[in-house]
There are 4 protein chains.
Amino acid sequence: MKPVKKIRKRDPVRTGKAILSAGRAEFSVAGFEGARVDRVAEKSNMSKGLIYHYFGSKSGLFLAILEDIYQELRDENSGLVLDDFEPEEGIRQLINHTFTYFSKHPEFLVLVNSENMMHAEHLKKSVMMKDLFRPIVVKIQALLDRGARQGIFREDVDVIQLYVSIVGLGYFFLGNRHTLEVVFDTPLFEDDTLSKRQRHIEDMILSYLRPNPTH
Amino acid sequence: MKPVKKIRKRDPVRTGKAILSAGRAEFSVAGFEGARVDRVAEKSNMSKGLIYHYFGSKSGLFLAILEDIYQELRDENSGLVLDDFEPEEGIRQLINHTFTYFSKHPEFLVLVNSENMMHAEHLKKSVMMKDLFRPIVVKIQALLDRGARQGIFREDVDVIQLYVSIVGLGYFFLGNRHTLEVVFDTPLFEDDTLSKRQRHIEDMILSYLRPNPTH
Amino acid sequence: MKPVKKIRKRDPVRTGKAILSAGRAEFSVAGFEGARVDRVAEKSNMSKGLIYHYFGSKSGLFLAILEDIYQELRDENSGLVLDDFEPEEGIRQLINHTFTYFSKHPEFLVLVNSENMMHAEHLKKSVMMKDLFRPIVVKIQALLDRGARQGIFREDVDVIQLYVSIVGLGYFFLGNRHTLEVVFDTPLFEDDTLSKRQRHIEDMILSYLRPNPTH
Amino acid sequence: MKPVKKIRKRDPVRTGKAILSAGRAEFSVAGFEGARVDRVAEKSNMSKGLIYHYFGSKSGLFLAILEDIYQELRDENSGLVLDDFEPEEGIRQLINHTFTYFSKHPEFLVLVNSENMMHAEHLKKSVMMKDLFRPIVVKIQALLDRGARQGIFREDVDVIQLYVSIVGLGYFFLGNRHTLEVVFDTPLFEDDTLSKRQRHIEDMILSYLRPNPTH
DNA sequence: GATGAATGAGGCTTCATTCAT
DNA sequence: AATGAATGAAGCCTCATTCAT
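Residues numbered from 1 in each chain as written. Chains lettered and ligands numbered in written order. Predicted model: local features only at pLDDT ≥ 70, side-chain atom pairs only at ≥ 80, totals over all residues.

Draft legend 1. Quick look at the overall build of chain A. Along chain A, the regular secondary structure elements total 10 helices and 0 strands. Taken over the C-alpha atoms alone, chain A extends approximately 80 × 40 × 30 Å along its principal axes. Expressed as a percentage of the 215 residues in chain A, the buried residues total 38%. If you take every contact in chain A between residues at least 6 apart in sequence, the share linking residues at least 24 apart comes to 69%. (Helix = DSSP H or I, 4+ residues; strand = E, 2+ residues; numbered from the N terminus. Buried ≥ 20, exposed ≤ 12 C-beta atoms within 10 Å, placed from the backbone. Contact = placed C-beta atoms within 7 Å.)

Structure, rendered in structure tokens:
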């Protein structure tokens, strides 16, 4: 009836960010199903009720976290001004940024995998996701066009397929590292293995992009 | 008055398979955390107690399912006698088999993703996984060697990196189709898109394998 | 940056009435336990804090609502000047007013039922309820006396029992309409059924009041 | 993971009854909304999970309780062989049984009131309720017919309206006793008041049924 | 081997109430 | 006077697991 309260200094903006941050940590440990709202409350030092006050539900929080991290990835790539580079170097920079982001933010992989398990039911409701990656695709297309005009790149490249490959070659390696280590019975993540993988990706993508003399 | 008991004809092998099959269906809907033992019982038409009798725990069942499906993928690839093909055709066959398996068995993607979320804690305990994929790697290596001797393939190929790429280029596309559709706001899985993706993968892998004249 | 605050023009009377009105609507949907303070705030367009400022607690608000609606019923009946009618007509008017009020204000039934479930714990604390219905009882008693003197009514009528019956015959029918429809598997509330019920009540009450020749 | 269990001797029938009985007690204290599943578990000495195993949900339990108590009321009245009595005595017996049941089982009043607050949403789903009260209605109709033939009862009686009145005159008085006591500021439930009310009801119903000489 | 009743910890969510602003 | 962020107890329900039968 008369609960004793621990009253916090009010700061809605900070509170929202704290929950989002704690939520990202929690959801990226074991995905949506494995995450516990209680633990988000603990980690953020907020009451459980407050999480519902801000995000309405576990799903609502998850969507907010997804939007937040996708935006972060987008921002990371937006910082990259591809126009400043020669075509090959531009592609290398794109691969580097992407791969580095994934290796620095393994949460992204877990969150997105979890969302795929649920058929993207949260993301589909998001209005923010609309056109979030459009600018990047446009920039890559411009780079490809420039490379093709210079005769450095082949001309029949589907930009979506290419981008999916650039992302996938890193994403799969990093996101599936635990099972891959078991399958190949070898530690794939020694200190130098990440850069080895990155060089392999660059090699593969650029081999693909170069005009094939035998064609 | 006496409760009617549904007595099953005893057939341990059939029972085990039924549970495994129902379990695969259940675990591949929402991963380990989202799966429910009750639903496995329903789907398999077995009692819950029986599942525990056979597999000991939810984790035990999950491991058995993982082993089962990895073995299936291995068998699928073992049927492929790479020696019978010219090097390029061998690679194409490998890509084709791998990609087809994933598109026919989307469960594999969910199960493996889920296991990665849990840091492969089940698979690490498996003795069966030891060397399961060794034969395939050896066969691919032989193919690469043959191609290199014929001057068709470059000589510095890391077979693990290559295999990871072959798998990853399909796995990522298929396993992340739901988020990718939202991100690129375009249906990627129209009737003809799967074969388009497969051709893209062949193109990329073979471009990479061909010796580069500019090197 | 500064949060925009919706400052209301201060008008305590209007505010109190708005809360009371929204509260009545809310509490009459599912009774005391089912009602939500949040929804009262929404419906009244007031803040939750304001409700507590005015009424102290959910219970306080509920009591205020009960007092308000009982007063309304009393006022409704006070408008009826029984002295103006012949005894039988006076009773008919009383029945009519009572029945009409209940059918026009089904909230009353829910609120009072809910209060009875809680053993009238709120109403017992009310000072306003003291003697609220005394005048009506007195008026009915006068009517009965007049009828008895005229030989139209029997002489041994207990005014409380009679009034309880007048109220109960309508209240029960209207307040229990949903279960009654299921129990008797027939729609009891077609357009004309209410007036049919009302005539039945008049018939029954007046049969009772008329002096019985066989006694 | 390995919870310590307090294993009970198995007896599904007894278990179901125990839950139903405890549930009736709990739900009749404050209706559906006020009832707590936890308390049903405590009172029945069963685990909360078991309640859900048997009844699926709080609503499912509530419906089972409603069906149970309606059946009980029906059985109570079925035991009454109206054919054995003279018409007037038959009506008296019916009133007596009904009134006695309500005063002995005040739970019925609370449960039914609560169900009405929820627009009978549970009862409407019940198949068992279909025709449960049909036999009683038929029996009363037969009694009325007999009385009419004997010239003791009037001939234009609607059996449903009559039965609703018989029930309502007791139900309202007993179910609303707490608010009535406040409204009339007098203890209505002294030792002898129940029988006084019952006599009043008999008087009223029989006055109504007797053919009116002035008509 | 086989069943499903039974458990209890813990999951998500709600809600009356308080209080800094 | 007025707001709504913040609290925490408690509510309904789920679920892996055990075990009497």
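Draft legend 2. Main features of the interface of chain B and chain A. Taken together, the 45 residues of chain B in the interface contact 44 residues of chain A. Those elements giving two or more residues to the side of chain B that touches chain A turn out to be helix H1 (12–34), helix H6 (106–117), helix H8 (159–175), helix H9 (177–183) and helix H10 (193–209) of chain B. For the side of chain B that touches chain A, the element with the highest residue contribution is H8 of chain B, accounting for 10 residues. Across the side of chain B that touches chain A, the residue classes tally to 22 nonpolar, 15 polar and 8 charged. (Nonpolar A, V, L, I, M, F, W, Y, C, P; charged D, E, K, R; others polar.)

Draft legend 3. A look at the relation of the copies chain B and chain A. It takes a turn of 180° to lay chain B on chain A, together with a shift of 0.0 Å along the axis; the resulting RMSD is 0.1 Å. On this basis, the relationship between the two copies can be described by a two-fold rotation axis. Comparing contact sets, 98% of the residues at the interface of chain B also lie at the interface in chain A, consistent with an isologous, same-surface contact. (Least-squares fit on C-alpha atoms with pLDDT ≥ 70 in both.)

Draft legend 4. How the structure looks around unusual backbone geometry. Residues and elements named next belong to chain A. With a phi angle near 65°, Asn45 is a residue other than glycine that sits in the positive phi range. Among the structural elements, Asn45 can be located in the loop between helix H2 (37–44) and helix H3 (48–55). On the basis of neighbour counts, which here come to 11 C-beta atoms within 10 Å, the residue Asn45 falls in the exposed class.

Draft legend 5. Focus on the relation of the copies chain D and chain C. Mapping chain D onto chain C calls for a rotation angle of 180° and an axial translation of 0.0 Å; the resulting RMSD is 0.1 Å. Comparing interface residues between copies, 100% of those in chain D also lie at the interface in chain C; the contact surface is shared.

Draft legend 6. Fine view of the domain arrangement of chain A. Residues and elements named next belong to chain A. Split into domains, chain A comes out as domain 1 (8–56) and domain 2 (63–209). One C-alpha centre belongs to domain 1, the other to domain 2; they are set 28 Å apart. Opposite the 8 residues of domain 1 that make contact, domain 2 presents 10 residues. With 7 residues, helix H1 (residues 12–34) is the single largest residue contributor to the side of domain 1 that touches domain 2. (Domains from an automatic or database assignment.)

Draft legend 7. Inspection of the packing of helix H6 (residues 106–117) of chain C against helix H8 (residues 159–175) of chain C at higher detail. All names here are of chain C. Packing of H6 against H8 brings their axes to within 10 Å, and their N-to-C directions diverge by 90°. Looking at the two axes, H6 sits roughly perpendicular to H8. Contact with H6, carried on its side by Pro106, Leu109 and Asn113, involves Tyr171, Leu174 and Gly175 of H8 and no other residues of that element. (Axes fitted to C-alpha atoms, helices over the stretch in contact; angles between N-to-C directions. Parallel < 35°, antiparallel > 145°, perpendicular 65-115°, else oblique.)

Draft legend 8. Geometry of the packing of H1 of chain B against H6 of chain B. Residue and element names in this part refer to chain B. At a closest axis distance of 8 Å, the pairing of H1 and H6 adopts a crossing angle of 55°. The angle between H1 and H6 falls in the class oblique. Crossing handedness for the pair H1 and H6: left-handed. Here Arg24, Phe27, Ser28, Gly31 and Phe32 of H1 lie close against H6, whose contacting residues are Glu107, Val110, Leu111, Asn113 and Ser114. (Left-handed = near helix turned anticlockwise from the far one by under 90°.)

Draft legend 9. Representation of the interface of chain D and chain C within the structure. Each partner contributes residues to the interface: chain D has 44 residues there, and chain C has 45 residues. When contributions to the side of chain D that touches chain C are tallied by element, the ones reaching two or more residues are helix H1 (12–34), helix H6 (106–117), helix H8 (159–175), helix H9 (177–183) and helix H10 (193–209) of chain D. Broken down by element, the side of chain D that touches chain C gets its largest block of residues, 10 residues, from H8 of chain D. Taken together, the residues of the side of chain D that touches chain C sort by class into 22 nonpolar, 15 polar and 7 charged.

Draft legend 10. Highlighting the environment of Tyr171 of chain B. When you line up the elements, Tyr171 of chain B lands in helix H8. On the basis of neighbour count, Tyr171 of chain B is assigned to the buried category, with 23 C-beta atoms found within 10 Å. Distance from Tyr171 of chain B to Lys130 of chain B, taken between C-alpha atoms, is 22 Å for residues 41 residues apart in sequence. What Tyr171 of chain B contacts, discounting residues up to four positions off in sequence, is Phe172 of chain A together with Phe102 and Leu109 of chain B.

Draft legend 11. Highlighting the arrangement of the chains. Of all C-alpha pairs spanning chain A and chain D, none lies closer than 15 Å, and the two are not in contact. What separates chain B from chain D at the closest point of their C-alpha atoms is a distance of 10 Å, and the two make no contact.

Draft legend 12. Inspection of the environment of Asp156 of chain D at higher detail. All names here are of chain D. Here Asp156 is to be found in the loop between helix H7 (134–149) and H8. The class for Asp156 is exposed, based on 9 C-beta atoms found within 10 Å. In sequence terms Asp156 and Leu144 are 12 residues apart; their C-alpha atoms lie 9.8 Å from each other.

Draft legend 13. View of H8 of chain B. All names here are of chain B. A rise of 1.5 Å per residue sets the reference length of H8, with its 17 residues, at 24 Å; its end C-alpha atoms lie 23 Å apart and thus fit the reference within 8%. Along its length, H8 shows its largest kink, about 30°, at Gly168. By the criterion of burial, H8 is predominantly enclosed, with 15 of the 17 residues buried. (Expected span 1.5 Å × (residues − 1). Bend = angle between axes of the 7 residues up to and from the residue.)

Draft legend 14. Broad picture of helix H4 (residues 58–78) of chain B. Taking 1.5 Å as the rise per residue, H4 of chain B with 21 residues should run 30 Å; its terminal C-alpha atoms sit 30 Å apart, in good agreement. Among all positions in H4 of chain B, only Leu61, Phe62, Leu63, Ala64, Ile65, Leu66, Tyr70 and Leu73 of chain B are buried.

Draft legend 15. Molecular detail of the environment of Gln71 of chain C. Residues and elements named next belong to chain C. Relative to the assigned elements, Gln71 resides in helix H4 (residues 58–78). Looking at Gln71, the number of C-beta atoms within 10 Å reads 14, which means it is partly exposed. Sequence separation between Gln71 and Leu132 is 61 residues; the distance between their C-alpha atoms is 7.6 Å.

Draft legend 16. Highlighting the confidence of the model for chain A. All names here are of chain A. Residues with a pLDDT of 70 or more make up 94% of chain A, whose mean pLDDT is 91. Within chain A, no element has a lower average pLDDT than H1, which sits at 93, and none a higher one than helix H8 (residues 159–175), at 97. pLDDT under 50 marks residues 1–5. Its contacts with residues more than four places away, or in other chains, come to 0 contacts. (pLDDT = per-residue confidence, 0-100.)

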